[in-house]
Amino acid sequence: MERYIVRRLIQTVIVLVIISMMVFMMSRLTGNPVTLLLTEYSTEEDKVRLTKQLGLDKPLPQQYAIFLIDAIRGDLGRSIRGDRSPALKLILERLPASLELAVVSIVITLVFGLPLGVISALKKGSLTDASARVMALLGQSAPVFWIAIVAMYVFSVQLNLLPSSGYGRLQHYVLPAFSMGLFQVAAVTRLTRSGMLEALGSEYIKLARIKGLGEQTVIWKHALRNSLIPILTFMSTIFGRAITGAVIVETIFAWPGVGRLAFQAVMERDYPVVQAFVLFMASMFLFVNLVVDVLYAYIDPRIRYTD
């Protein structure tokens, strides 16, 4: 297990270096930020001075080398907008709001997705099963931005039940968490259903019933536990996506998270913030995947890591 973790850590470092190269080059395809910072009264001397001040006068390989060395030291650069705050500081300030939204959406996913999947599997072929599968299909087919806009129109504009934007109160979490969670509920429902159907037809479940174990114990302790591997894998991607992929939802609902910060940075060609956002979130995503891989062995003893 220790050698496996060391190998994964080395792989993680390599992936982060590759990601840093990609985001460094792609962020510069959006254009020169100097043109956005200058006014109509700026002179050519102002342009040259600002380009040198931002370090954009150096060749790209040299810019990347400086960026990589600073990143290893924990310095992900400074925003080129406003008071030139450290990019990492801006991300850490916005991160709690994104984490809160991600946790709420994951809770919604588990509270609704797991029971729906189990019930659908237990009532295979029934109207309940058909309804759950239709809901799962609709949930995975509808784009997140469409769900968010429709939810805002219905519950905020027409019914005036929930706020369309804001942060801090409980009702502010409902619409953005629902918009993010609907797709996840649908996916978990389908994964749970398929996993439960496979588990319920296995020999160890038949043996558990022959031994006289209660049906609730058989379903929730044995069958569901052995169906959790694909669900756990999906939940790890959900957590990363809930934080890094909430750009649209956070922008629509004016949620003060890192997703909205990244959107603003792209629009303003704020290279350091974009680069810091991608590297920081990629690190979180890779760390979560590593933790999930290690948890596999504890959930399913049949899994072994070999050299």
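It should be noted that the structure appears before, not after, this text.
Residues numbered from 1 in each chain as written. Predicted model: local features only at pLDDT ≥ 70, side-chain atom pairs only at ≥ 80, totals over all residues. Heavy atoms only, no water.

## Regarding the packing of helix α7 (residues 144-158) against helix α8 (residues 171-200)
Here is step 1: Where α7 meets α8, the axes come as close as 9 Å, and the angle between the chain directions of the two elements is 145°. With respect to the hand of their crossing, α7 and α8 are arranged in right-handed fashion. On the side of α7, the interface is formed by Val144, Ile147, Ala148, Ala151, Met152, Phe155 and Ser156, while α8 contributes Leu175, Phe178, Ser179 and Leu182. (Axes fitted to C-alpha atoms, helices over the stretch in contact; angles between N-to-C directions. Helix = DSSP H or I, 4+ residues; strand = E, 2+ residues; numbered from the N terminus. Left-handed = near helix turned anticlockwise from the far one by under 90°. Contact = heavy atoms within 4.5 Å.)

## Observations regarding the packing of aromatic side chains
Here is step 1: Counting across every chain of the model gives six aromatic pairs.
Here is step 2: Taking the centre distance of 5.0 Å and the plane angle of 85° together, the rings of tyrosine 167 and tryptophan 255 count as edge-to-face. Placement of tyrosine 167 in the loop between α7 and α8 and of tryptophan 255 in the loop between α12 (247-252) and α13 (258-267) is noted, with a sequence separation of 88 residues between them.
Here is step 3: For tyrosine 167, a relative accessible area of 37% gives the class partly exposed.
Here is step 4: Through a chain of ring-to-ring contacts, three or more aromatic side chains come together here, namely Phe24, Tyr64 and Phe67. (Phe/Tyr/Trp six-rings, centres within 6.5 Å; stacked < 30°, edge-to-face > 60°. Buried < 20%, exposed > 50% of the residue type's maximum accessible area, 1.4 Å probe, protein only.)

## Description of the layout of surface pockets
Here is step 1: The calculated volume of the largest pocket comes to roughly 470 Å³.
Here is step 2: Considering the residues around the largest pocket, the lining is formed by 21 residues, among which Leu54, Gly55, Ile66, Gly77 and Pro272 are closest to the centre.
Here is step 3: Secondary-structure elements contributing two or more residues to the lining of the largest pocket are α4 (60-72) and α14 (271-299).
Here is step 4: Its residues assigned to classes, the lining of the largest pocket shows ten nonpolar, five polar and six charged.
Here is step 5: Estimates place the volume of the second largest pocket at around 290 Å³.
Here is step 6: Lining the second largest pocket are Val13, Leu16, Val17, Ser20, Leu68, Ala71, Ile72, Leu76, Leu88, Leu279, Phe280 and Ser283.
Here is step 7: Of all the secondary-structure elements, those providing two or more residues to the lining of the second largest pocket are α1 (2-27), α4 and α14.
Here is step 8: Here the lining of the second largest pocket gets four residues from one element, more than from any other, and that element is α1. (1 Å grid on protein atoms, 1.4 Å probe; cavity = no way out; pocket = protein on both sides within 12 Å on 5 of 7 lines; lining within 4 Å. Points joined across faces, edges and corners; volume = space filled by probe spheres on them. Nonpolar A, V, L, I, M, F, W, Y, C, P; charged D, E, K, R; others polar.)

## Some words on the packing of helix α6 (residues 127-141) against α8
Here is step 1: The interhelical angle for the contact between α6 and α8, taken along N-to-C directions, is 135°, at an axis separation of 8 Å. Considered as vectors, α6 and α8 are oriented oblique to each other. Crossing hand, α6 versus α8: left-handed. Across the interface between the two elements, Asp129, Ala132, Arg133, Met135, Ala136, Gly139 and Gln140 from α6 touch Leu182, Phe183, Ala186, Ala187, Thr189, Arg190 and Arg193 from α8.
Here is step 2: Class assignment for the residues of the contact of α6 with α8 results in seven nonpolar, three polar and four charged. (Parallel < 35°, antiparallel > 145°, perpendicular 65-115°, else oblique.)

## What about α4?
Here is step 1: Under the 1.5 Å per step criterion, the end-to-end length of α4 is 18 Å for 13 residues, consistent within 8% with the ideal 18 Å.
Here is step 2: Once α4 finishes, glycine 74 follows within two positions and takes phi at roughly 95°, a positive value. (Expected span 1.5 Å × (residues − 1).)

## Some points on a nonpolar patch on the surface
Here is step 1: Residues Phe145, Trp146, Ile149, Val150, Tyr153, Val154, Phe155, Val157, Leu159, Leu161 and Ile248 make up a contiguous nonpolar surface patch of about 1,000 Å² in total accessible area.
Here is step 2: When residues of the nonpolar patch are assigned to their parent elements, the largest contribution, eight residues, is made by α7.
Here is step 3: With respect to the element layout, isoleucine 149 can be found in helix α7. (Patch = residues over 30% accessible without salt bridge, like charges linked within 9 Å, V, L, I, M, F, W, Y side chains within 5 Å. Areas by Shrake-Rupley, 256 points an atom, 1.4 Å probe, with all protein chains shown as cover. Salt bridge = Lys/Arg side-chain N within 4 Å of Asp/Glu carboxyl O.)

## Overview of unusual backbone geometry
Here is step 1: Its identity as a non-glycine residue notwithstanding, asparagine 160 has a phi of 55°, on the positive side.
Here is step 2: Tracing the sequence through the fold places asparagine 160 in the loop between α7 and α8.
Here is step 3: In this structure, alanine 254 is a non-glycine residue whose phi angle is positive, near 55°.
Here is step 4: Tracing the sequence through the fold places alanine 254 in the loop between α12 and α13.

## Some details on the pattern of salt bridges
Here is step 1: Using the criterion set out here, one finds three salt bridges in the structure.
Here is step 2: Note that arginine 133 is salt-bridged to aspartate 129, the shortest N-O span being 3.7 Å. Pair noted here: arginine 133 and aspartate 129 are both in helix α6, with a separation of four residues, about one helical turn.
Here is step 3: Judged by its relative accessible area of 44%, arginine 133 falls in the partly exposed class.
Here is step 4: The salt bridge partner of arginine 193 is aspartate 129, with a shortest N-O separation of 2.8 Å. Of the two residues, arginine 193 sits in helix α8 while aspartate 129 sits in helix α6, which places them 64 residues apart along the sequence.
Here is step 5: Look at arginine 193 and you get buried, because its relative accessible area is 15%.
Here is step 6: Salt bridges linked by common partners bring Asp129, Arg133 and Arg193 together as one network.

These figures come from the coordinates and say nothing about function on their own.
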